[in-house]
Amino acid sequence: MTSDVVIIGVGCTPFGRHLDLGSGDLARAAVRDALADAGVTIDSVGAAFYATVSERALEGQNMIPGQVALRPAGLTGAPVVNVENACAGGATALWSAIAHVRAGMSPVALAVGVDKLVTADPAAGLAVFDGALDVHDRDATLARLLSLAGPQVAEPTGRRSVFMEIYAALARAHMNRFGTTVEDLATVAAKNHAHSVHSDRAQFRRAFSVAEVLAARTVAEPLTVPMCSPVSDGAAAVLVADARYATRLEGGARHIRLRSCALVSGTDRDPDDVGAHIGRRAALAAYEQAGVGPEDVDVAEVHDATAFGEIQQTENLGFCGIGDGGAWARSGASTLGGTLPVNPSGGLESRGHPVSATGLAQIFELVTQLRSEAGPRQVPGARLAVAENGGGLFGVEEAVAAVTVLESSRA
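Residues numbered from 1 in each chain as written. Predicted model: local features only at pLDDT ≥ 70, side-chain atom pairs only at ≥ 80, totals over all residues. Heavy atoms only, no water.

Student: Help me understand the overall build of the chain in this model?
Tutor: Of the regular secondary structure elements, the chain holds 15 helices and 11 strands. Its C-alpha radius of gyration of 20 Å places the chain within 12% of the 22 Å reference for a compact globule of 411 residues. Counting only C-alpha atoms, the chain reaches 60 × 45 × 40 Å along its principal axes. For the chain, the residues scored as buried account for 59% of the 411 residues in total. Counting only contacts in the chain whose residues sit at least 6 apart along the sequence, the fraction spanning at least 24 positions is 77%. Surface accessibility of the chain: about 15,000 Å² in total, with carbon and sulfur atoms responsible for 53%. Between the centroid of the 32 positive side chains of the chain and the centroid of its 45 negative side chains there is a distance of 5 Å. (Helix = DSSP H or I, 4+ residues; strand = E, 2+ residues; numbered from the N terminus. Rg over C-alpha atoms; globule rule 2.2 N^0.38 Å. Buried < 20%, exposed > 50% of the residue type's maximum accessible area, 1.4 Å probe, protein only. Contact = heavy atoms within 4.5 Å. Areas by Shrake-Rupley, 256 points an atom, 1.4 Å probe, with all protein chains shown as cover. Lys, Arg positive; Asp, Glu negative; His and termini not counted. Charge placed at Lys NZ, Arg CZ, Asp CG, Glu CD.)

Student: Would you mind showing me how to read the packing of helix H8 (residues 182–196) against helix H12 (residues 307–316) here?
Tutor: Two measures define how a pair of helices packs: the angle their axes make with one another and the distance between the axes. It is at 8 Å that the axes of H8 and H12 come closest, and there the two elements cross at 100°. Our classification of the angle between H8 and H12 gives roughly perpendicular. Of the residues in H12, those in contact with Asp184, Leu185, Val188, Ala189, Lys191 and Asn192 of H8 are Ala307, Phe308, Glu310 and Ile311. Broken down by class, the residue content of the contact of H8 with H12 amounts to six nonpolar, one polar and three charged. (Axes fitted to C-alpha atoms, helices over the stretch in contact; angles between N-to-C directions. Parallel < 35°, antiparallel > 145°, perpendicular 65-115°, else oblique. Nonpolar A, V, L, I, M, F, W, Y, C, P; charged D, E, K, R; others polar.)

Student: Looking at this structure, how should I read the packing of helix H7 (residues 162–178) against H12?
Tutor: H12 packs onto H7 with a crossing angle of 55° between their chain directions and a minimal axis gap of 9 Å. Comparing their axes, H12 and H7 come out oblique. For the pair H7 and H12, the crossing hand works out as left-handed. When H7 is examined against H12, the residues Tyr167, Leu170, Ala171 and His174 are found in contact with a partner set consisting of Phe308, Gly309, Ile311 and Glu315. Classifying every residue of the contact of H7 with H12 gives five nonpolar, two polar and one charged. (Left-handed = near helix turned anticlockwise from the far one by under 90°.)

Student: Help me understand the environment of serine 356, please; the structure alone is not making it clear to me.
Tutor: Inspection of the secondary structure assignment puts serine 356 in the loop between helix H14 (347–351) and helix H15 (358–370). Residue class for serine 356 comes out buried when judged on its relative accessible area of 1%. Residues serine 356 and glycine 89, 267 residues apart in the sequence, show an inter-C-alpha distance of 4.7 Å. Those residues within four positions of serine 356 in sequence are excluded, and the remaining contacts are Ala51, Thr52, Val53, Ala86, Gly89, Gly90, Gly113, Val114 and Asp115. A distance of 2.7 Å separates the side chain of serine 356 from the side chain of aspartate 115, its partner in a polar contact. (Polar contact = N/O pair within 3.5 Å; in protein donor to acceptor, adjacent residues only side chain to side chain.)

Student: Looking at this model, I keep getting lost on the nonpolar core. Mind explaining?
Tutor: Generally speaking, a soluble globular protein has its nonpolar side chains buried in company with each other. Core analysis: the biggest nonpolar cluster contains 40 residues, and Phe163, Ile166, Leu185, Val213, Leu223 and Met227 have the highest contact counts within it. When residues of this core are traced back to their parent elements, those giving at least two are helix H6 (138–149), H7, H8, strand S5 (218–220) and H12. With nine residues, H7 is the single largest residue contributor to this core. Beyond its immediate chain neighbours, meaning those up to four positions away, valine 213 contacts Ala186, Ala189, Ala190, Phe208, Thr224, Pro226 and Met227. Listed in part, the 36 residues of the second largest apolar core include Phe49, Val83, Ala97 and Ala357. (Core = buried A, V, L, I, M, F, W, Y, C linked by side-chain atoms within 4.5 Å.)

Below is the structure:
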């Protein structure tokens, strides 16, 4: 992908518990902020791509959620496409908006992601995640993962989504194969919680020491509560535009170039073929499209639904060797002030994870970084950024993964 598409505006609500707001309220708030950030009106939007899972599962809005949410914001007449791609819904909405603009169908497109998972019935919110794997093969899928991971010393405890058990199994398999330790996982979690202290949209803004992370309640061995993303409400929105059109707008120095956005699906790979992991394939495709490599990246946001997720995805992105993610985290490289900060927003573990909003919240953070507007969590001189967003499970890996490369337009 060439740099003929730019991000002109971003918006993101605080993530957390929003019992007094509906999904539509959250989505419209994020869209209003993105429009204000871009300095354009809703009439400029030629198409919208709207990602959600909870509106269908928890609110009964089984169809047309995007139309219902966006018409009150003034989006009338323009096409609205509803997107569902598990936790990668936001990145998929962005990929679709980019494709729309690149095809010349209109000069400006909107990507929106929103989910409300905090309900009066916590079990209902957690049950949403049950549909992010093959429901007809659920038991066999989990059995295959457990066979790779080996037995647990302790049974999972407390309320949790099935994905905490999935991530726990994948973490144990990685530990068995590469020697990754629970202290490595705690290092990642402590780092992300420290970053979140400076992130005003994060659900949790409390620092944890490595010792505190290790001492917390175990969710699913080896994962403790601070290593896991919480149940969250929130929305994010991104406006993309044709670069030539964008030159007519004010604030061009704040526009961010979209160097690439690769969206891939999983394969029936052998579990031992870790080099063919979906996240690795997405990363290689994005780097090839952008004409860059991992050595060029200044800052990254990755899908740390658990601390293990960050270790695995930093390996897939080529920031370190396969199997070396734990040691790389221990080195301090991924911390603010390190050689390649990862998740300066606090990541999913701290910022929160309203599923379909997550991929666009990553873009919000990276755009803020590339504009040098991140305040105390700013990565000095950040010019090139990478976002990785994955979703669902099919076989031994995510069902979908997206990697996006962004570049500052500053000289």
